[in-house]
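# Structural features, examined
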Amino acid sequence: MTRCSDPAATGGVIDDELPTTTGALALANLQAQIDGQQRMALAGGLDVGDRAELIELVALRGHILGRIADCEWAQARAEQLAHDHPADGVALIARARARATFHRFTDALGDLDEARRLGADPPVVDAEHAAILQAVGRYDEALTFMWEAVKRRADFASVAALASLCAESGDVATAEHLFDESRDRYRGVSPIPLAQLYFRRAMMWLAQGNLPRGHSWLSAAHRRLPAYAPARGHLAEVEAALGETDSAVARLHPLTISSDDPDYPAQLARILSEVGRAEEAREWRAHAAARYNELVARHPGAFADHAAEFWLNAGADPHRALQLARKNLEVRQTPRAHELLSRATRAVDGARAGDRR
């Protein structure tokens, strides 16, 4: 099977010949699945497994297109499903995933413990447990669960999750090997899982400060799934950092329309401000601020980190950023959360020093 070649050896171009359907067809198929399941739901024809599947499909659409409203819909339906079937492991796993999406990690872990007690599939529970431990920065514990899940079922998804975990914990060499291995295990025809895999790999290289390699993997994800909002947004961020402002702005404008995620207007405000387009930046800053305020009020744990980033940069309110960075660290003790708090603290100290002059 042809592998993705190392972008460092190909001038930044990833050679990816694994055949899949087009991104447009994959999204059409996803929407068709959602429509079909919703019609059956209206007719009362969905069992617990079907309802959990519909929740996952809508959450997936929300992730791909950057639609927070989809994720909120999925969370509400997952809460209802678990309420209706409190002794069903499938329902509890669905609720755990939805709660974890909005960083309700303690509640999600409780659901997984109960699902395990009820006899839910151990590799599935282990993988979900590991994902939450990873999200809160408990990497050693997460690796224990994830390696166990891979031993039991070494498929594309489990190896991809392990690769992402190794990447975030700083073991880049192991992660690179596992990213390749995961891709080689892929047997599907949809480009969606591959785009997600390439995106995770890109995030690893961006965290390492390697913008060209991160850009290469983001471009690979974008080619597989052009509508993939996270890949498009981070491509814009990297291009802006590389001085390609016009390209970055062109990528972000459509996302501010198709997505309800404030990250995109926030990025646009920051980039426009940096190139002296102050009036345009001001409009996007106001838009992002209003949306962050709304989301932080509803889901404080989930949006504290990105909102803090916004107030540190385009929002220009370090005191607000510090409050949110502290809240974020309460929820997840990751290196990024600690670094965000440090930056916010330095910004507040700098602002106070400036006021005393």
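Quick note: structure is the one above.
In this report, the structure presented in the accompanying data block is examined.

Definitions and cut-offs
What you see as residue numbers is a count from 1 along each chain, following the sequence as written. In keeping with the predicted nature of the model, local features appear solely for residues at pLDDT of at least 70, side-chain atom pairs appear and are counted solely at 80 or more, and the whole-chain, interface and lining totals rest on all residues. The side-chain quantities take in all heavy atoms of the structure and omit both hydrogens and water. The secondary structure listing takes helices from DSSP runs of H or I that are at least 4 residues long and strands from runs of E that are at least 2 residues long, numbered from the N terminus. Restricting the calculation to C-alpha atoms gives the radius of gyration, and the globule rule supplies 2.2 Å times the number of residues raised to the power 0.38. Think of it in three bands: with a 1.4 Å probe and only protein chains considered, a residue is buried below 20% of the maximum accessible area for its type, exposed above 50%, and partly exposed in between. By the convention used here, residues are in contact when the closest approach between their heavy atoms is within 4.5 Å. One fewer than the residue count of a helix, multiplied by 1.5 Å, yields its expected span. By convention in these notes, a salt bridge is any Lys or Arg side-chain nitrogen within 4 Å of a carboxyl oxygen on Asp or Glu. To pair, rings of Phe, Tyr and Trp, with the six-membered ring standing in for Trp, must have centres within 6.5 Å; the planes then decide the type, stacked if under 30 degrees apart, edge-to-face if over 60, and tilted in the middle. Only Lys NZ and Arg CZ are tested; either one counts as a charge over a ring when it is within 6 Å of the ring centre and within 35 degrees of the ring normal. For our purposes a nonpolar core is just a set of buried Ala, Val, Leu, Ile, Met, Phe, Trp, Tyr and Cys residues, chained together by side-chain atoms within 4.5 Å.

What follows covers the overall build of the chain. Secondary structure summary: the chain contains 18 helices and 0 strands in total. Radius of gyration (C-alpha) of the chain: 21 Å, near the 21 Å computed for a compact globule of 357 residues. For the chain, the spread of C-alpha atoms along the three principal axes comes to 65 × 45 × 40 Å. Taking all 357 residues of the chain together, 49% fall into the buried category. Partitioning the intrachain contacts of the chain with sequence separation of at least 6 by distance along the chain shows that 55% fall at a separation of at least 24.

Let us now look at helix H1 (residues 23-42). Helical periodicity: at 3.6 residues per turn, an α-helix aligns residues three or four positions apart in one direction. Relative to the 28 Å expected for 20 residues at 1.5 Å per residue, H1 spans 29 Å between its end C-alpha atoms, a close match to the ideal helical length. Within H1 the residues assigned to the buried category are Gly23, Ala26, Leu27, Leu30, Ile34, Gly36 and Gln37. Contacts made by the buried residues of H1 are with helix H2 (48-65), helix H10 (192-207) and helix H11 (211-224). Just downstream of H1, Gly44 is the residue with a positive phi angle, here 75 degrees.

The subject of this paragraph is the pattern of salt bridges. Under the criterion given, the structure shown has 35 salt bridges. The closest approach of N and O atoms between Glu176 and Arg201, which form a salt bridge, is 2.7 Å. Placement of the pair is Glu176 in helix H9 (residues 172-184) and Arg201 in helix H10, with a sequence separation of 25 residues. Each member of the pair, Glu176 as well as Arg201, is classed as buried. Here Glu239 makes a salt bridge to Arg251, at a shortest N to O gap of 2.9 Å. Of this pair, Glu239 sits in helix H12 (residues 229-241) while Arg251 sits in helix H13 (residues 245-258), and the two are 12 residues apart along the sequence. Through salt bridges with shared partners, a single network forms among Glu79, Arg95, Arg99, Arg104, Asp107 and Asp111.

Moving on, we get to the environment of Gly243. Looking at the secondary structure, you find Gly243 in the loop between H12 and H13. Judged by its relative accessible area of 56%, Gly243 falls in the exposed class. Through-space distance from the C-alpha of Gly243 to that of Val172 is 27 Å; in sequence the pair is 71 residues apart.

This paragraph deals with the environment of Ala160. Within the element layout of this structure, Ala160 appears in helix H8 (residues 156-168). Once you skip the residues sitting within four places of it in the chain, Ala160 turns out to touch Ser182, Leu197 and Arg200.

On to the packing of aromatic side chains. Per the counting criterion, the structure on display carries 5 aromatic pairs. A centroid spacing of 5.4 Å and a plane angle of 50 degrees characterise the contact between Tyr198 and Trp217, whose relative ring orientation is tilted. Linking Tyr198 in helix H10 with Trp217 in helix H11, this pair joins segments that are 19 residues apart in sequence. Note on Trp217: relative accessible area 1%, which makes it buried. Three or more aromatic residues link up through ring pairs in this structure, and these residues are Tyr292, Phe310 and Trp311. Between the NZ or CZ atom of Arg213 and the centre of the ring of Trp205, over which it lies, the distance is 4.3 Å.

One broad rule of soluble globular proteins: the nonpolar side chains tend to lie buried together. Ranked by size, the top nonpolar core spans 51 residues in total, and within it Ile64 and Tyr228 carry the most contacts. It is H10 that contributes the most residues to this core, 10 residues altogether. In this structure Tyr228 touches His63, Ile64, Ala195, Gln196, Phe199 and Ala221, once residues within four positions along its chain are discounted. Val249, Tyr292, Ala314 and Leu322 belong to the second largest nonpolar core, which has 42 residues in total.

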